[in-house]
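# Coordinate analysis (summary)
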Amino acid sequence: MIIVLCQLMLVLDLMIVQIALPDMKTSLGLTTANMSWVISAYALAFGGLLLLGGRAGDVLGKRRMFLTGVAVFTVASLVGGMATEGWWLLTARALQGVGAALASPSTLALIISLFEEGPKRARAIGIYSVVGGAGAALGLILGGVLTDVASWRWVLFVNVPIGVLVLVLTPLFINEMPRQRARFDVAGALTSTLGMVALVHGVTNASEHGWGDPSTLIACAAALVLLPAFFVIESKSRQPILRLGLLAGRTRAGAYIAVLLVQGSMIGMLFFLSQYVQQIFHFSPLVAGLCFLPVTAAVVPLAKVVITLVMKVGGRVLVVFGAGLITVANLWLTQLDQSSSYWLGVLPALLVYGCGIAFSTIPLTMLAVSGVPPEESGSASSVLNAVQQVGGSLGLAVLVTVFSQGERSGAADVPRDQGATAVSEHLLVSGMGWGFTAATCFAAATAAVALFVLPRKQADAPAQAQSQPESDPAGTPA
């Protein structure tokens, strides 16, 4: 529960500030560009430092890096909540990302190290996956509650008591795991960190300023140079920050690709709907946040069922089914307009979406880390987290670009003699229709990858993984 509590805190922070952004803008005098950086500063530091954080856990100790990351994250949350200037808040958000990058790989790595492959690890990973899948929706709910009842500062202050509790309990209940006797791969660390930062910055900047913006082009070009250089360096390094064998194998490669795609679909739904319910339904931040409660209500009860099914039938069929549900949810949302209601237009899609999260994310997480030896669990966990971050950032950038095109298309048929509010609502709905169509494509592609790339019968399913030799890092038969 300690590990899950920490993971919940880290995942919540990706979305909890979304609904609080208007209040932050008013309080600190932020510009629209500054507002986007409240999200991007966290994502840049988090996504860029994940591989380094995972390697640090393997070399310096998983519990030590877990505690260090939680401490940095907690202090940064306190500092951010006290901000009186925009630069102060943005700096604190970047430091939160640093703490999250150090702690997050160790959360899943500690689970892998503490539980042998089999039913117990499957249940632990299932709980971890539920937290990740429902955390974004919970972040919107909690952000709305705290902003409405207290102030935007509490979306950051809320992390402080949770972080302190984790720091106190962890040494009492979790022992340090064995460390590797190795040195840091400095060249690999630099190229991976700078490459990931460039990639996340490029796709994030594209959603705000477009793919033709010079900053976007420079960042993407840097990523295209640095990331291939990282793989070349790792292939020749005697002590790599990431052993490339972890990426080999049909099962794990397919799981990473599916995670990348499904994250893009999921984040788009939450991003667009959080705007829709406030602008079209005119809900307060509190009510807007509570609108997403059905997602959590669907995910949590299904977790045990999904874990049991993974043990019996393997992951592929469940991922296909889950991605299919997310596809249906997005298709449903393409039909939203200004006259839609929450109960008939949004609620059914959220319930289907929540079920889709449970059936897709739990087995994908299991497949992505199955068969990994304990000494490499930090690196494997950081790869999975990095794929999730890049998938979310890239997906959101693509969806927002498509959304903008939809707005321009909608501007051509704006009803005449309409007020500014009606025009704004029309453009939002037009853009969202295009955005949800693109999200549908992401979800359908996830189902296709699971169907055609993942093996029909996974030899690395949790129930069977104990029989797999350690020399087969992917856990799949030749």
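Per chain, residues are indexed from 1 in the order of the written sequence. Where totals are concerned, whole chains, interfaces and linings use all residues; where local detail is concerned, this predicted model gives features only for residues with pLDDT of at least 70, and gives and counts side-chain atom pairs only at 80 or more. Hydrogen atoms and water are omitted, and side-chain values are computed over all heavy atoms in the structure.

This paragraph deals with the overall build of the protein. Numbering of helices and strands runs from the N terminus; a helix is a DSSP stretch of H or I covering at least four residues, while a strand is a stretch of E covering at least two. Counting its secondary structure elements, the protein contains 17 helices and zero strands. For the protein, the residues scored as buried account for 57% of the 478 residues in total. Contact definition: two residues touch when any of their heavy atoms are within 4.5 Å. Long-range pairs, those at least 24 residues apart, make up 84% of the contacts in the protein with a sequence separation of at least 6. Working definition: with a 1.4 Å probe on protein chains only, accessible area under 20% of the residue-type maximum means buried, over 50% means exposed, and in between means partly exposed.

Like charges within 9 Å and nonpolar side chains (Val, Leu, Ile, Met, Phe, Trp, Tyr) within 5 Å are joined into patches, using only residues over 30% in relative accessible area that form no salt bridge. In these tables, accessible area is a Shrake-Rupley quantity obtained with a 1.4 Å probe, and a residue counts as shielded only by the protein chains included in the view. By definition, a salt bridge exists where a carboxyl oxygen of Asp or Glu is found within 4 Å of a side-chain nitrogen of Lys or Arg. Taken together, the side chains of Leu-60, Phe-184, Val-186, Leu-190 and Leu-194 define a hydrophobic patch exposed on the protein surface, amounting to about 440 Å² of accessible area. Here Phe-184 falls in the partly exposed class, since its relative accessible area comes to 34%.

Our focus in this paragraph is the nonpolar core. By nonpolar core we mean a set of buried residues, namely Ala, Val, Leu, Ile, Met, Phe, Trp, Tyr and Cys, connected to one another through side-chain atoms within 4.5 Å. Counting 83 residues, the largest nonpolar core has Leu-273, Tyr-276, Phe-292, Val-346, Tyr-353 and Met-432 as its most contacted members. Of all elements in the fold, only helix H5 (86–114), helix H6 (119–149), helix H11 (250–279), helix H13 (293–313), helix H14 (316–333), helix H15 (342–369), helix H16 (377–411) and helix H17 (420–452) reach the threshold of two or more residues within this core. With 15 residues, H15 is the single largest residue contributor to this core. Sequence-distant contacts of Leu-273, that is, excluding residues within four places in its chain, are made with Phe-292, Leu-333, Leu-336, Val-346, Leu-350 and Phe-436. One finds Leu-10, Phe-66, Leu-67 and Met-196 within the second-largest nonpolar core, a separate group that totals 23 residues.

This part takes up helix H10 (residues 214–236). Counted at 1.5 Å a residue, the expected span for H10 with its 23 residues is 33 Å, and the 33 Å between its end C-alpha atoms agrees. For H10, the set of buried residues is Thr-216, Ala-219, Cys-220, Ala-223, Leu-227, Phe-230 and Glu-234. Side-chain atoms alone can form a polar contact between residues adjacent in sequence; in general such a contact is a pair of N or O atoms within 3.5 Å, and within protein one must be able to donate a hydrogen while the other accepts it. Residue Asp-213 occupies the N-cap position of H10, its side-chain oxygen lying 3.1 Å from the main-chain nitrogen of Ser-215. Helix span is expected to be 1.5 Å times the residue number reduced by one.

What follows concerns the packing of H11 against H14. Two numbers describe how H11 lies on H14: the axes approach to 11 Å, and their chain directions differ by 35°. For the element pair H11 and H14, the recorded crossing hand is left-handed. Taking contact as the criterion, the partners of Val-262, Ser-265, Met-266, Met-269 and Leu-273 in H11 are, on H14, Ile-326, Ala-329, Asn-330 and Leu-333. All amino acids are sorted into three groups, where Ala, Val, Leu, Ile, Met, Phe, Trp, Tyr, Cys and Pro are nonpolar, Asp, Glu, Lys and Arg are charged, and the leftover types, Gly among them, are polar. Residue composition of the contact of H11 with H14, by class: seven nonpolar, two polar and no charged. Only the contacting stretch of a helix is used when fitting its axis, a line to C-alpha atoms as for every element, and angles between N-to-C directions run 0 to 180 degrees. Working rule for handedness: look at the near helix, and if it is turned counterclockwise from the far one by less than a right angle, call the crossing left-handed; if clockwise, right-handed.

This paragraph deals with the environment of Gly-139. Note that Gly-139 resides in helix H6. Along the backbone, Gly-139 and Gly-289 are 150 residues apart, and their C-alpha atoms lie at a distance of 8.2 Å. If sequence neighbours within four positions are ignored, Gly-139 has contacts with Leu-12, Met-15 and Ile-16.

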